[in-house]
Amino acid sequence: MTGRVGENVDLRGARRQGKGVFLRPVTDADMSYLFFVGTSEENLVRWRLRGRTTSPQGFQQFLWSNTDVQMLICRQDSSDPIGHVCSYQTDEISGTSKVAVVLEPQFQRQAWPLEGLYLFLEYLFSTFPFRKLYFEVPGYNIGEFEKFLERHAAEEGRLQDAVFGGGRYWDLVTLTLTRNEWDRFVSSSWGRVVSGAMFIPPRHVLNGRAETAGEDPMSSRPAAVSAVTGTRPAVS
């Protein structure tokens, strides 16, 4: 779609406010928090570091190197961060980028924080001319990503025995989410995301009262996705 010259349009980007979470850009003040999340016992091997340890200074360089957009997923009730999403290794010529997301361990088996991933995908497709977004998923994480794959993405490639973890080799699977597929989802279901019907936050996230987290809309069990590049629950 092409805009008309002189047409009034809001160029502030896609919606970054959800029912239970919102997105905000990463700043230098967030480095200690992200170091804690990325190097936690649950995330160190499954996230992008794949078991490598680094100094806080080296971690900051790693986080910004070849990364185009990164944001924190924050709670609506307290504004506290609970996770991180980013796009990296963007290829402007081909119109592609890779996506990664990681959550704090205590939020990894709840559905409502995943609203942040959906807000981030909408931000990327609305702000940049991407044709495809890639998720690189080690085989030990693919089971946690199965429902998302069925709903949105498709397997585009597989490197056999490319990743080592847990004492054995695993395939590295590349999943693809196309703009056309995302547009179809937005036109049919985006209202359920922004209304909170897809990712029902606990009441204490909305108004301070405790309640059990909502069920994962992609599964009959609580959500288990958290590292679109290697965390459990993980998407890569």
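Quick note: structure is the one above.
Residues numbered from 1 in each chain as written. Predicted model: local features only at pLDDT ≥ 70, side-chain atom pairs only at ≥ 80, totals over all residues. Heavy atoms only, no water.

Draft legend 1. Layout of the environment of N180. Mapped onto the elements, N180 comes out in helix 5 (residues 179-194). A relative accessible area of 52% means that N180 is categorised as exposed. Linking N180 and K132, residues 48 residues apart in sequence, is a C-alpha distance of 9.0 Å. (Helix = DSSP H or I, 4+ residues; strand = E, 2+ residues; numbered from the N terminus. Buried < 20%, exposed > 50% of the residue type's maximum accessible area, 1.4 Å probe, protein only.)

Draft legend 2. Looking closely at the pairing of strand 5 (residues 132-138). Counting buried residues in strand 5 gives 7 out of 7 residues, a clear majority hidden from the surface. By the alternation rule, side chains of strand 5 split into K132, Y134, E136 and P138 and L133, F135 and V137, which are all buried. Bridge count between strand 4 (residues 96-103) and strand 5: 3 bridges; the pairing is parallel. Bridge pairing in strand 5 places T96 opposite K132. Bridge count for strand 5 against strand 7 (residues 168-178) is 7 bridges, and the pairing is antiparallel. (Pairing = 2+ DSSP bridges.)

Draft legend 3. The packing of aromatic side chains, seen in detail. According to the stated counting rule, one finds 7 aromatic pairs in the structure shown. Between W182 and F185, the ring centres sit 5.0 Å apart and the planes meet at 40°, which makes this aromatic pair tilted. Within this pair, W182 and its partner F185 are both found in helix 5, separated by 3 residues, close to a single helical turn. Neither residue differs from the other here; W182 and F185 are each classed as buried. The structure contains a cluster of three or more aromatic residues connected by ring pairs, namely Y118, F125, W182 and F185. Taking NZ or CZ as reference, R168 lies 3.8 Å from the ring centre of W170, over its face. (Phe/Tyr/Trp six-rings, centres within 6.5 Å; stacked < 30°, edge-to-face > 60°. Lys NZ or Arg CZ within 6 Å of the ring centre and 35° of its normal.)

Draft legend 4. Seen up close, the nonpolar core. Ranked by internal contacts, the top residues of the largest apolar core, which has 33 residues, are I73, V99, F120, L121, L124 and W182. If you list the elements that add at least two residues to this core, you get strand 1 (21-25), strand 2 (67-75), strand 3 (81-91), strand 4, helix 3 (115-127), strand 5, strand 7 and helix 5. Residue contributions to this core peak at 8 residues, all from helix 3. Sequence-distant contacts of L124, defined by excluding residues within four places in its chain, comprise V69, S87, V99, F130 and L133. (Core = buried A, V, L, I, M, F, W, Y, C linked by side-chain atoms within 4.5 Å. Contact = heavy atoms within 4.5 Å.)

Draft legend 5. Expanded view of the environment of Q76. Note that Q76 resides in the loop between strand 2 and strand 3. Q76 sits in the partly exposed class, given a relative accessible area of 27%. Put simply, Q76 and G20 are 56 residues apart on the chain and 5.4 Å apart in space, counted from C-alpha to C-alpha. Polar side-chain contacts of Q76 include one of 2.9 Å to the side chain of Q17. (Polar contact = N/O pair within 3.5 Å; in protein donor to acceptor, adjacent residues only side chain to side chain.)

Draft legend 6. How the structure looks around the pattern of salt bridges. Summed over the entire model, instances satisfying the criterion amount to 7 salt bridges. Salt-bridge contacts for R75 lead to D77; the nearest nitrogen and oxygen are separated by 2.8 Å. You can call D77 partly exposed: its relative accessible area is 33%. One salt bridge in this structure joins R158 and D171, with 3.1 Å as the shortest N-O distance. Separated by 13 residues along the polypeptide, R158 in strand 6 (residues 154-165) and D171 in strand 7 bring together distant segments of the chain. Several salt bridges converge on common partners, so that one network encompasses E155, R158 and D171. (Salt bridge = Lys/Arg side-chain N within 4 Å of Asp/Glu carboxyl O.)

Bear in mind that shape data such as this cannot, by itself, settle questions of function.
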